[in-house]
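Given next are the chains, with one letter for each unit.
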Amino acid sequence: MSGIAMPKPDAATLARRAEIVADMRIIVPGEGVVDTVHEMRAFESDGLTAYRQLPLVVVLPETVAQVSRLLKYCNDRGIRVVPRGSGTSLSGGALPLEDAVLLVMSRFNRILEIDYPNRTVTAQPGVTNLGITHAVEQDGFYYAPDPSSQIACSIGGNVAENSGGVHCLKYGLTANNVLGIEMVLMNGEVVRLGGKHLDAEGYDLLGAMTGSEGLLGVVTEVTVRILKKPETARALLIGFPTSEQGGQCVADIIGAGIIPGGMEMMDRPAIHAAEDFVHAGYPLDVEALLIVELDGPATEVDHLIAAVEAIAHRNGSTTCRISQSEEERLTFWAGRKAAFPAVGRISPDYYCMDGTIPRKELPRVLAGMRELSEHYGLGVANVFHAGDGNLHPLILYDANKPGELEKAEEFGADILRLCVKVGGVLTGEHGVGVEKRDLMPEMFNEIDLDQQMRVKCAFDPNHLLNPGKVFPQLRRCAELGRMHVHRGQVAFPDIPRF
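Residues numbered from 1 in each chain as written. Predicted model: local features only at pLDDT ≥ 70, side-chain atom pairs only at ≥ 80, totals over all residues. Heavy atoms only, no water.

S.K.: Which residues make up the pattern of salt bridges, and what are the values?
M.R.: Taken as a whole, this structure holds 27 salt bridges when the rule is applied. The partner of arginine 370 in a salt bridge is glutamate 244, with the nearest N and O atoms 2.4 Å apart. Here glutamate 244 lies in helix α9 (residues 243-255) and arginine 370 lies in helix α14 (residues 362-376), a separation of 126 residues in the sequence. Residue classification places arginine 370 among the partly exposed positions, given a relative accessible area of 41%. Looking at glutamate 244, the relative accessible area reads 26%, which means it is partly exposed. A salt bridge links lysine 436 to glutamate 435; its shortest N-O distance comes to 2.7 Å. The network of salt bridges with shared partners includes Glu410, Asp414, Arg417 and Glu442. (Salt bridge = Lys/Arg side-chain N within 4 Å of Asp/Glu carboxyl O. Helix = DSSP H or I, 4+ residues; strand = E, 2+ residues; numbered from the N terminus. Buried < 20%, exposed > 50% of the residue type's maximum accessible area, 1.4 Å probe, protein only.)

This is the structure we're talking about:
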């Protein structure tokens, strides 16, 4: 496996592989255990395909009882476990470990309940994001968070990564749309957090679990909020001579008090790739393309379209198309949704980044990325959630050329450092995983990281769930300030203790 340091495999676990596989077959009978090298190849990486590693064994349980037994078995024997949903993660969060059981939740694929009076859907974690909308759309409802991978990504994985999507500007990330979960702790205990009610008493453990990247527990059930489809939704396709003008238009729209349902931006390389792939009618003579969707009552939408059109004109827009039908609106979005695979047609490989900045810093960061592109000699196509400042630069490289992957990684690291420098953060929705793990000290000091690790220790004191992810250095929970007693004496016995 290239480039990144991972926990040293446990020799005792590797030596007991045959025994562990046999025990897994008892816990999950039938075809739920995959242990041959050939069959495990399908699970050797997630969406960050630059890093690959075969797991110890792949297990696909079908019941909560099986998940509970599996985790307790591994906890009692000190065996590491890596949870996995659909494997669409772009940060290496589901990257297997050589000595770890890969716990794949894709067989948990049923909608359990649709509750229209409470406007909720309860689903198993392997249900796809788009599958929830499909289950309720005939009654005029939908699930708002919509990552580009929504046709494939699982709702359990969305909870793990706190996924967003093109409509998260107005309707929120996964964290704003999940009401409750059932989860299994590493010791096999099954617990419920939240529910159909709006607020829960006590600490916000549901908030802690959302975006925890598989480090705290394994989600086995999710209750989400569904929304009524807006009366009207229309989109504007606006072209600009420069990315800076497009970025300023974004800031001015938000500054005018307008919160679009979605607001996305692409630069020239991404525009051309998407148009060649989807034929959405994108203008090819612009440097930046803005898609702005407005929804609500028809009269309000008409008023807001006029306001956005005027703001775009003041910022020097050279083209502006307004969707005249639902089909045309969806076509506008089709190019944006397909931008990632479209860029794959213009470069042998690309490295998809994910950082978030204050909106007003967009022109500065775009200029900085152009300078970095020249410095590293690698192209970059920009696709991003402009409304909330979530950037997705796609660094173009060729893995067959020696040193290009390493250059792409360093280029990406410099983009994320720039995001933090201007007041942003390392990730918006892809998570930290292994990709951004060693950049965490750019944003957090050691005290911050230790406090985060203490949360991990409260859920998983033996550090068996998804080790090697998120935290830049592995340390045992005992090294984080727990009281150490040696031969009946604590350190510094003269200090009063309560």
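S.K.: Just give me the short version of the sheet that holds strand β6 (residues 120-123), but keep the residues and values in it.
M.R.: Two pairing modes exist for strands in a sheet, parallel and antiparallel, and in both the strands are linked by backbone hydrogen bonds. Spatial ordering of the open sheet is given by β5-β6-β10-β8-β9, a layout of five strands whose pairing is antiparallel. The open sheet terminates on both sides in strands that have one partner only, identified here as β5 (111-115) and β9 (190-194). Averaged over all neighbouring strand pairs, the angle between strand axes comes to 10°, with direction disregarded. Here β5 runs beside β6; their pairing, made up of four bridges, is antiparallel. Following the sheet pairing, isoleucine 111 is matched in β6 by alanine 123. Sheet strands in contact with helix α5 (residues 129-136) are β5, β6 and β10 (218-225), and its direction is about 45° off that of β5. (Pairing = 2+ DSSP bridges. Axes fitted to C-alpha atoms, helices over the stretch in contact; angles between N-to-C directions. Contact = heavy atoms within 4.5 Å.)

S.K.: Can you break down the sheet that holds strand β4 (residues 100-104) residue by residue, with the values?
M.R.: Pairing in this open sheet of four strands is mixed, and the strands run β1-β2-β4-β3 from one edge to the other. Edge positions in the open sheet fall to β1 (33-34) and β3 (80-84), since each of these has one partner strand only. As defined by bridge partners, strand β2 (residues 57-59) adjoins β4 across three bridges and the pair is classed as parallel. Within β4, the position partnered with valine 58 by the bridge is leucine 102. Docked against the sheet, helix α4 (residues 64-77) engages β2, β3 and β4, running at close to 165° with respect to β4.

S.K.: Summarise the packing of aromatic side chains; cite the residues concerned and give the values.
M.R.: Following the criterion strictly, the structure yields three aromatic pairs and no others. Ring geometry for tyrosine 116 against phenylalanine 141: centres 5.1 Å apart, planes inclined by 35°, an arrangement best described as tilted. One end of the pair, tyrosine 116, is in the loop between β5 and β6; the other, phenylalanine 141, is in strand β7 (residues 141-142), and 25 residues separate them in sequence. Overall, phenylalanine 141 belongs to the buried group, its relative accessible area being 9%. With 6.4 Å between their ring centres and 85° between their planes, tyrosine 142 and tyrosine 171 make a pair best called edge-to-face. Within this pair, whereas tyrosine 142 is found in strand β7, its partner tyrosine 171 is found in helix α7 (residues 168-171), the two being separated by 29 residues in sequence. Exposure remark for tyrosine 142: the relative accessible area of 16% places this residue in the buried category. (Phe/Tyr/Trp six-rings, centres within 6.5 Å; stacked < 30°, edge-to-face > 60°.)

S.K.: Tell me what's going on with the packing of α14 against helix α15 (residues 404-421), and back it up with residues and numbers.
M.R.: Each packed pair of helices is defined by two parameters, the angle between the axes and the distance between the axes. Contact geometry of α14 with α15 gives a least axis separation of 10 Å together with a crossing angle of 155°. Taken together, α14 and α15 sit at an angle that is classed as roughly antiparallel. Handedness of the α14/α15 crossing: right-handed. On α15, the residues that touch Arg364, Val365, Gly368, Met369, Leu372, Ser373 and Tyr376 of α14 are Lys407, Glu410, Phe411, Asp414, Ile415, Leu418 and Lys421. (Parallel < 35°, antiparallel > 145°, perpendicular 65-115°, else oblique. Left-handed = near helix turned anticlockwise from the far one by under 90°.)

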